[in-house]
Amino acid sequence: MLTPLLEKLLILQDRDSRKRSLEAQLKAVPKEVALVEQKIAAERGAIEAAKAELNALETKKKLIEGEIAEAEGKLAKYKTQQSLVRKNDEYQALGQEIEHTEAAIGKLEEQELEVMYAIDEAKKKFAEAEGVLKANISGHEGRIATLREREKNLAAELGEAEKEFATARGPVAEPALRVYDRIAARNMPVVVAIHGGKCAGCHLKVSSEVESLARGKGGDSGMQLATCDQCGRIVYWEG
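Residues numbered from 1 in each chain as written. Predicted model: local features only at pLDDT ≥ 70, side-chain atom pairs only at ≥ 80, totals over all residues. Heavy atoms only, no water.

**Here we look at the overall build of the chain**
Part 1: A count of helices and strands for the chain gives 4 helices and 3 strands.
Part 2: Along the chain direction, N to C, the helices and strands of the chain fall in the order α-α-α-β-β-α-β.
Part 3: A globule of 239 residues ought to have a C-alpha radius of gyration of about 18 Å, yet the chain, at 41 Å, is considerably larger.
Part 4: C-alpha atoms of the chain, sized along the principal axes, occupy 130 × 35 × 25 Å.
Part 5: Scored against the burial criterion, the 239 residues of the chain give a buried share of 31%.
Part 6: If you take every contact in the chain between residues at least 6 apart in sequence, the share linking residues at least 24 apart comes to 74%.
Part 7: Accessible area of the chain: about 14,900 Å², with a carbon and sulfur share of 53%.
Part 8: Separation between the mean location of the 37 positive side-chain charges and that of the 41 negative ones in the chain comes to 8 Å. (Helix = DSSP H or I, 4+ residues; strand = E, 2+ residues; numbered from the N terminus. Rg over C-alpha atoms; globule rule 2.2 N^0.38 Å. Buried < 20%, exposed > 50% of the residue type's maximum accessible area, 1.4 Å probe, protein only. Contact = heavy atoms within 4.5 Å. Areas by Shrake-Rupley, 256 points an atom, 1.4 Å probe, with all protein chains shown as cover. Lys, Arg positive; Asp, Glu negative; His and termini not counted. Charge placed at Lys NZ, Arg CZ, Asp CG, Glu CD.)

Rendered as structure tokens:
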């Protein structure tokens, strides 16, 4: 049978455990939010990368258009010059320049068509990817909203748990409270039963003296608490 002191300590431990659990959950929320924010950043980064790829293709197309325009300008110039020359060798030289320029324009136009095709494909892929990524971002933002609401609720629960923990400390005698606090600073749970001669906290065998003390009876005042020889936890005989 549990003594009144042990009953109070077990109640205190229950309130302490709940408070610690809420503290741990509350502490974990910002980390979870940070992970979700990283996912949002990755999704947005993917959108920007796809957009940059499309922009690079459009820039390339403009450069090719500029080269074509420049080559066409040269071609027009060569044709004008050719129409004005009288010497056969000059006429033939300009004819070669015209042929080379027309060939260059042909290659540039082929490149332009390839880039235009690539742009069309990139636009389709970008539109599809953007839709999926934005939907993912929306889902992540919803998750953050849920986490923020959870954080708010946990903070409220923790406030109540702290009050209950403080209330549970009140009836416990000061010497026993000091023992509890010392153990709780390094080990939880603090108060455990003895099962089969072993401490339920560390699962090691307790000495016969500790077991004998745990079996004994006593009032709140002056009662000596039995503690495990191995881990130092407060132990009691469950019978």
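Still more to cover.
**Things to note about unusual backbone geometry**
Among all residues save glycine, negative phi is the norm, and among peptide bonds the norm is trans.
Part 1: Following Met188, the chain continues into Pro189 via a peptide bond in cis, with omega recorded as 0 degrees.
Part 2: Residue position: Pro189 is located in the loop between helix H3 (174-184) and strand E1 (191-195).

**Some thoughts on the environment of Asn136**
Part 1: Along the chain, Asn136 falls in helix H2 (residues 88-169).
Part 2: Taking the relative accessible area as the measure of exposure, Asn136 reaches 30% and is therefore partly exposed.
Part 3: For the pair Asn136 and Arg148, spaced 12 residues apart in sequence, the C-alpha to C-alpha distance is 18 Å.

**Some points on the packing of aromatic side chains**
Part 1: For the coordinates displayed, the defined rule picks out 0 aromatic pairs.
Part 2: The residue whose ring lies beneath Lys19 is Phe165, and the NZ or CZ to ring-centre distance is 5.0 Å.
Part 3: Between Arg215 and the ring centre of Trp237, over which it is positioned, the NZ or CZ distance is 3.6 Å. (Phe/Tyr/Trp six-rings, centres within 6.5 Å; stacked < 30°, edge-to-face > 60°. Lys NZ or Arg CZ within 6 Å of the ring centre and 35° of its normal.)

**Observations concerning the sheet that holds strand E2 (residues 198-199)**
Part 1: Pairing in this open sheet of 3 strands is mixed, and the strands run E2-E1-E3 from one edge to the other. Each edge of the open sheet is held by one strand with a lone partner, namely E2 and strand E3 (234-237).
Part 2: The pairing of E1 with E3 spans 4 bridges and is parallel. Residue pairing in the sheet places Val191 in a bridge with Ile234 of E3. (Pairing = 2+ DSSP bridges.)

**Some words on the pattern of salt bridges**
Part 1: In the structure shown here, the tally under the stated rule is 16 salt bridges.
Part 2: Where Arg20 meets Asp16, a salt bridge forms, and the shortest distance between an N and an O atom there is 3.0 Å. Separated by 4 residues within a single helix, Arg20 and Asp16 lie in helix H1 (residues 4-84), roughly one turn from each other.
Part 3: Taking relative accessible area as the criterion, Asp16 reaches 2% and is therefore assigned buried.
Part 4: Taken together, the shared-partner salt bridges in this structure form one network comprising Arg18, Glu157 and Glu164. (Salt bridge = Lys/Arg side-chain N within 4 Å of Asp/Glu carboxyl O.)

**Structural notes on the state of the cysteines**
Part 1: Using the criterion set out here, one finds 0 disulfides in the structure.
Part 2: Here Cys228 stays free of any disulfide, with the sulfur of Cys202 as its closest cysteine sulfur at 3.7 Å.
Part 3: For Cys231, which is in no disulfide, the shortest distance to another cysteine sulfur is to Cys228 and amounts to 3.7 Å. (Disulfide = S-S within 2.5 Å.)

**Quick notes on a negative patch on the surface**
Part 1: A cluster of acidic residues, Glu72, Glu109, Glu110 and Glu114, forms a negative patch at the surface.
Part 2: With 3 residues, the top contributor of residues to the negative patch is H2.
Part 3: Mapped onto the fold, Glu72 is located in helix H1. (Patch = residues over 30% accessible without salt bridge, like charges linked within 9 Å, V, L, I, M, F, W, Y side chains within 5 Å.)

**Here's the deal with helix H4 (residues 208-215)**
Part 1: Among the residues of H4, those classed as buried are Val210, Glu211 and Ala214. Buried residues of H4 fall within an arc of 100 degrees about the axis and therefore sit on the same side. Projecting away from the buried face of H4 at angles above 90 degrees are the exposed residues Ser208 and Glu209.
Part 2: Close packing links the buried residues of H4 with E1 and E3. (Arc of directions from axis to C-beta.)

**Things to note about the pairing of E1**
Part 1: The buried count for E1 comes to 4 of 5 residues, which makes it a mostly enclosed element.
Part 2: Looking at chain direction, E1 and E2 are connected through 2 bridges and run antiparallel. Looking across to E2, one finds that His195 is bridged to Lys198.

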